Amino acid sequence: MTAIDPETMNAEARRARLFTRINKADGWFQALGLGWITPILKAAAGDNPRAQMSEIWRLLGVPVLAILVFLVAWGTLAPKVQTSLGAIPGPAQVWEQAVNLNADAVREREKEAAFYVRQDERNAKLIAEGKEDKVKERTYTGKPTYYQQIWTSITTVFFGFLIGSLIAIPLGIMAGLSPTANAAINPLIQVFKPVSPLAWLPIVTMIVSAVYVTNDGMFSKSFLVSAITVTLCSLWPTLINTALGVSSIDKDLVSVSKVLKMNTYSKITKLVLPSALPLIFTGLRLSLGVGWMVLIAAEMLAQNPGLGKFVWDEFQNGSSQSLAKIMVAVFTIGIIGFLLDRVMFALQSMFTFTDNR
């Protein structure tokens, strides 16, 4: 009988554990759009480097090459297209404006910090002179930075998405469990789902202006108009997918709930939701994507100080740098949209433990 070296056995065991960890991490890499990391780790661990290099080329090399080809084509063709604002900016000009927007944000933060320093010094001097009644705390009112506009858009879309989800999921569960409820809700879905945000905006604006009359509330009117428009346009994918997921659950599970005489709450939380969760998350991902697209148009018209307003202001500005700044915003919108989808897919993976890409 051939003896097996204990050190060899230990090395193989360590290698097996390493590959197990890599395979477990692969699910999160896939969820975050970083699937190319897995073959790199496997190649570094010695798992068929030739095959892993082929996988690295497919997952990382090809996308990078496609991006480079796009940039070269863009840089070559853009100067040949003349507009009222001059030639279409190429990658270099767009990158220059991205750097300028960052520099503007840094300068604005420095101005804000200096404003509060001066205010604190002035108030401290008044207190020292016994003039506490003249102490005032003012809020800095400088123009919002590009990063603040990005944050405004993100908070707006999440607020509208949250409201839409709170409406769509219960309605979807009702429609999935009850044919009568489905018959009542389905016509509304078919009528309102295709409606453009440009059609909703005037209605939402008038209703918000009539109902939300205060100027000192937690939210500005422009924020509410944008968020509610996002809600009205984005809730439908979640509603439809929730209803489909609930209606598609195993009939045996429904029979079991009847045998166990489960009440409605227990039936929904213990049987319906776990079974329908993959489709519900698919609807949520679609809804968030729709909401993010709708948001830009809503902010343009509602003048909510986010990315949509930034694009509109630059278009109205009409300077030689405006077109490049608009293109910076376009890339920002696309990248944030991708990241939002990856976040939702990561949450989906966390709660469903299945591959639903």
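Predicted, not measured: the structure shown is a model, and the values here were computed from it.

Chemist: Mind laying out the overall build of the protein, listing which residues take part and the relevant values?
Modeler: A count of helices and strands for the protein gives 12 helices and two strands. Its helices and strands in sequence order give the protein the pattern α-α-α-β-β-α-α-α-α-α-α-α-α-α, from N to C terminus. Along the longest, intermediate and shortest principal axes, the C-alpha atoms of the protein span 95 × 60 × 60 Å. Residue pairs at least 24 apart in sequence account for 69% of intrachain contacts in the protein once pairs closer than 6 positions are excluded. On the protein, roughly 21,400 Å² of surface is accessible, and the fraction owed to carbon and sulfur atoms is 66%. Here the protein contributes 32 positive and 25 negative side-chain charges, whose respective centroids are spaced 6 Å apart.

Chemist: Kindly report on the nonpolar core, identifying the contributing residues and their values.
Modeler: Counting residues in each nonpolar core, the largest one holds 45 residues, and the members touching the most others are Y146, W292, L307 and I336. Broken down by secondary-structure element, the contributors of at least two residues to this core are α4 (91-128), α5 (146-177), α7 (197-211), α8 (221-247), α10 (264-302), α11 (307-317) and α12 (322-352). If you tally residues by element for this core, the top one is α10, at 12 residues. If sequence neighbours within four positions are ignored, I336 has contacts with I150, I154, W292 and L307. With eight residues, the next largest nonpolar core counts I189, L235, W236 and A243 among its residues.

Chemist: Just give me the short version of a nonpolar patch on the surface, but keep the residues and values in it.
Modeler: A cluster of nonpolar side chains, contributed by V64, I67, L68, F70, L71, F331, I335, F338 and L339, occupies part of the molecular surface with about 820 Å² of accessible area. Ranked by residues supplied to the nonpolar patch, first place goes to helix α3 (residues 49-77) with five residues. In this fold, L71 is placed in helix α3. With relative accessibility at 33%, the residue L71 sits in the partly exposed group.

Chemist: Tell me about the packing of aromatic side chains, and name the residues and values.
Modeler: In total, this model carries 12 aromatic pairs according to the counting rule given. Both rings, one in F159 and one in F219, keep their centres 5.0 Å apart while their planes meet at 50°; by these two values the pair is tilted. Of this pair, F159 sits in helix α5 while F219 sits in the loop between α7 and α8, placing them 60 residues apart in sequence. Pairing F219 with F223 gives two aromatic rings, centres 5.2 Å apart and planes at 10°, and the pair type is stacked.

Chemist: Can you explain the side chain of Q119? Please cite residues and give values.
Modeler: Structurally, Q119 is set in helix α4. Judged by relative accessible area, which is 1%, Q119 ranks as buried. Discounting chain neighbours no more than four positions away, the residues touching Q119 are K136, E137 and R138.

Chemist: Which residues make up the environment of W74, and what are the values?
Modeler: Note on placement: W74 falls in helix α3. Sequence separation between W74 and I88 is 14 residues, and the spatial gap between their C-alpha atoms is 9.4 Å. Sequence-distant contacts of W74, that is, excluding residues within four places in its chain, are made with P79, P89, G90, P91, V94, M327 and F331.

Chemist: Could you give an account of the pattern of salt bridges, with specific residues and numbers?
Modeler: All told, the structure shown has five salt bridges when counted by the stated rule. Across the pair R107 and D104 runs a salt bridge, and its minimum N-O distance is 2.1 Å. Of this pair, R107 and D104 both sit in helix α4, three residues apart, roughly one helical turn. Given a relative accessible area of 45%, R107 falls into the partly exposed group. You can call D104 partly exposed: its relative accessible area is 25%.

Chemist: Quick rundown of the packing of α7 against α8? Include the residues and the values.
Modeler: Axis separation between α7 and α8 bottoms out at 9 Å; the angle between their running directions is 135°. By the angle between their axes, α7 is oblique relative to α8. Judged by the sense of rotation from one axis to the other, the crossing of α7 with α8 is right-handed. Contact with α7, carried on its side by P197, W200, L201, V204, T205, V208 and S209, involves K221, L224, V225, I228, T229, L232 and C233 of α8 and no other residues of that element. Residues belonging to the contact of α7 with α8 are distributed by class as follows: 10 nonpolar, three polar and one charged.

Chemist: Break down α10 for me, with residues and values.
Modeler: The end-to-end C-alpha separation of α10 is 42 Å, well short of the 57 Å expected for 39 residues at 1.5 Å each. Along α10, the largest kink reaches about 60° and is centred on L277; proline P278 follows within four residues of it. Positive backbone phi, at 60°, marks Q303, one or two positions downstream of α10.

Conventions and cut-offs
- For every chain, the first residue of the written sequence is number 1, and numbering continues from 1 along that sequence.
- Confidence filtering applies because this is a predicted model: local features only for residues at pLDDT of at least 70, side-chain atom pairs given and counted only at 80 or more, and all residues used for totals across whole chains, interfaces and linings.
- The basis for every side-chain value is the complete set of heavy atoms in the structure, and neither hydrogens nor water enter the calculation.
- Helix and strand labels come from DSSP, where a helix needs a run of H or I of at least four residues and a strand needs a run of E of at least two; each type is numbered from the N terminus.
- Contacts: residue pairs with any heavy atoms within 4.5 Å of one another.
- Only the protein chains shown count as covering a residue, and every accessible area follows the Shrake-Rupley method with a 1.4 Å probe.
- In this charge count, Lys and Arg are treated as positive and Asp and Glu as negative; neither His nor the chain ends contribute.
- By convention, charge coordinates are those of NZ in Lys, CZ in Arg, CG in Asp, or CD in Glu.
- Definition used in this section: a nonpolar core is a set of buried Ala, Val, Leu, Ile, Met, Phe, Trp, Tyr and Cys residues joined via side-chain atoms within 4.5 Å.
- Exposed residues in this analysis have more than 50% of their type's maximum accessible area, buried residues have under 20%, and partly exposed residues fall in between, with area computed by a 1.4 Å probe over protein chains only.
- Within the patch definition used here, like charges are joined within 9 Å and nonpolar side chains (Val, Leu, Ile, Met, Phe, Trp, Tyr) within 5 Å, considering only residues with over 30% relative accessible area and no salt bridge.
- Salt bridges are defined by distance alone: a side-chain nitrogen of Lys or Arg within 4 Å of a carboxyl oxygen of Asp or Glu.
- Note on aromatic pairs: the rings of Phe, Tyr and Trp (six-membered ring only in Trp) are paired at centre separations within 6.5 Å, and the planes decide the class, stacked below 30 degrees, edge-to-face beyond 60, tilted for the rest.
- Axis lines are fitted through C-alpha atoms, for helices just across the contact stretch, and the angle between N-to-C directions can take any value from 0 to 180 degrees.
- Here the angle decides the label: under 35 degrees means roughly parallel, over 145 means roughly antiparallel, 65 to 115 means roughly perpendicular, and every other value means oblique.
- When the near helix sits turned anticlockwise from the far one by under a right angle, the crossing is termed left-handed; a clockwise turn instead gives a right-handed crossing.
- As a working rule, the residues Ala, Val, Leu, Ile, Met, Phe, Trp, Tyr, Cys and Pro are called nonpolar, Asp, Glu, Lys and Arg charged, and the rest polar, with Gly in that last group.
- Every helix has an expected span of 1.5 Å times one less than the residues it contains.
- To get the bend at a given residue, fit one axis to the seven residues ending there, fit another to the seven starting there, and take the angle between those axes.

Keep in mind these values describe shape, not function.
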